[in-house]
Amino acid sequence: SSSFFVLGVATAGTGLGKLLPGYLVARFGARRTYFVLIMILGLLCGTLSICNSVGTIAMVQFCIEFTAGPAWPSHNEMVRGHFGTAVLGNGIQTISLASRSSDMVGKVMYGSMLYAGISWRWVARLAAAICVFGAFLSMMHKDSHFEADVRRDVSLRDIFDRTVNVLRRKRYWKAVGMYMLLTILKKSGQLIPVYFSD
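Our subject in this report is the structure included herewith. For clarity, every value in this text was computed on a predicted model and none was experimentally measured. (Residues numbered from 1 in each chain as written. Predicted model: local features only at pLDDT ≥ 70, side-chain atom pairs only at ≥ 80, totals over all residues. Heavy atoms only, no water.)

Moving on to the overall build of the chain. Tallying secondary structure elements over the chain gives ten helices and zero strands in all. Helices (α) and strands (β) of the chain occur, in sequence order from the N terminus, as α-α-α-α-α-α-α-α-α-α. Its C-alpha atoms give the chain a radius of gyration of 18 Å, near enough to 16 Å, the size a compact globule of 198 residues would have. The principal-axis extents of the C-alpha atoms in the chain amount to approximately 50 × 40 × 30 Å. Counting all 198 residues of the chain, 28% fall into the buried class. For the chain, the computed accessible surface area is about 13,400 Å², with 68% contributed by carbon and sulfur atoms. (Helix = DSSP H or I, 4+ residues; strand = E, 2+ residues; numbered from the N terminus. Rg over C-alpha atoms; globule rule 2.2 N^0.38 Å. Buried < 20%, exposed > 50% of the residue type's maximum accessible area, 1.4 Å probe, protein only. Areas by Shrake-Rupley, 256 points an atom, 1.4 Å probe, with all protein chains shown as cover.)

Set out below in C-alpha cells:
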C-alpha cells in the first residue's frame, strides 16, 4: 500500500508536470530550461536520500516527476533546431535511442550497486551528483545550429486555448479511454503516439 501511495502521488506529479513545460521552453529556451530542471532534479535526488518516511518520499517523488515535465519538450526543441523538419524522424530516432540507452546503462549501474549491498541512500546521492554534472554538460548544447537559446512568443492564454482545443476533440477522449485500458500493460502506453501518425 505504501508503494502504491508513492506511485499514485508521483503519477499526479507527472500529470501536473505536463501542463506548462511547452510554455517554459518557449519562454526561456530549451537549453536553459533543461539546465534548470536537471539542477533541480539533482537537488531533489539528494533530498530523497535523506527522507525517512513514506509521506516525505511521496512528496519528493511528486516534485521529481513534476520537475521532469519540460525534459521532452526541451529535447524536441533541440531536435527541431538541429535536424529541421525534413529529417525530424532522424532526430527523434537519435534522441529516443540515446534516452533508452542511457536508461538501461543507468539501471544496470545503479542496480549493480544495490545488488553489491551499497545503501540506496548513497546510490541516490551518486545519482544526484551525476545529475548536477550532467546539467553543466547540457549547457554545451545549443537550441539550434545558429542560436544557443531559441525563444518563441507564447502566452499562458495561448497554452490555455490550445489545451481547451485538445479537450474538445473526440479523438482525445478516445485516446484517453484507450490509454486507461492499456495502463495495466507496463509502458505500453508509450505506443499511443504511433496511432496518431495517421
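On we go.
As a further point, take the pattern of salt bridges. Per the stated rule, a full pass over the model turns up seven salt bridges. Between Asp-149 and Arg-32 there is a salt bridge, with the nearest N and O atoms lying 3.4 Å from each other. One end of the pair, Asp-149, is in the loop between helix H7 (120-138) and helix H8 (156-167); the other, Arg-32, is in helix H3 (residues 30-48), and 117 residues separate them in sequence. In this structure, Lys-107 engages Asp-103 in a salt bridge whose closest nitrogen and oxygen atoms are separated by 3.2 Å. (Salt bridge = Lys/Arg side-chain N within 4 Å of Asp/Glu carboxyl O.)

So, on to the environment of Phe-5. Along the chain, Phe-5 falls in helix H1 (residues 2-16). For Phe-5, a relative accessible area of 45% corresponds to the partly exposed category. A sequence separation of 123 residues divides Phe-5 from Ala-128, and the C-alpha atoms of the two residues are 24 Å apart. With residues up to four places along the chain from it excluded, the contact list for Phe-5 reads Val-54, Gly-55 and Ala-58. (Contact = heavy atoms within 4.5 Å.)

Classification of Asp-149 as buried rests on a relative accessible area of 17%. Of note is the side chain of Asp-149, whose polar atom sits 3.0 Å from the side chain of Arg-31. A distance of 3.4 Å separates a polar atom in the side chain of Asp-149 from a polar atom in the side chain of Arg-32. Contact partners of Asp-149, with chain neighbours within four places excluded, come to Arg-31, Arg-32 and Asp-143. (Polar contact = N/O pair within 3.5 Å; in protein donor to acceptor, adjacent residues only side chain to side chain.)

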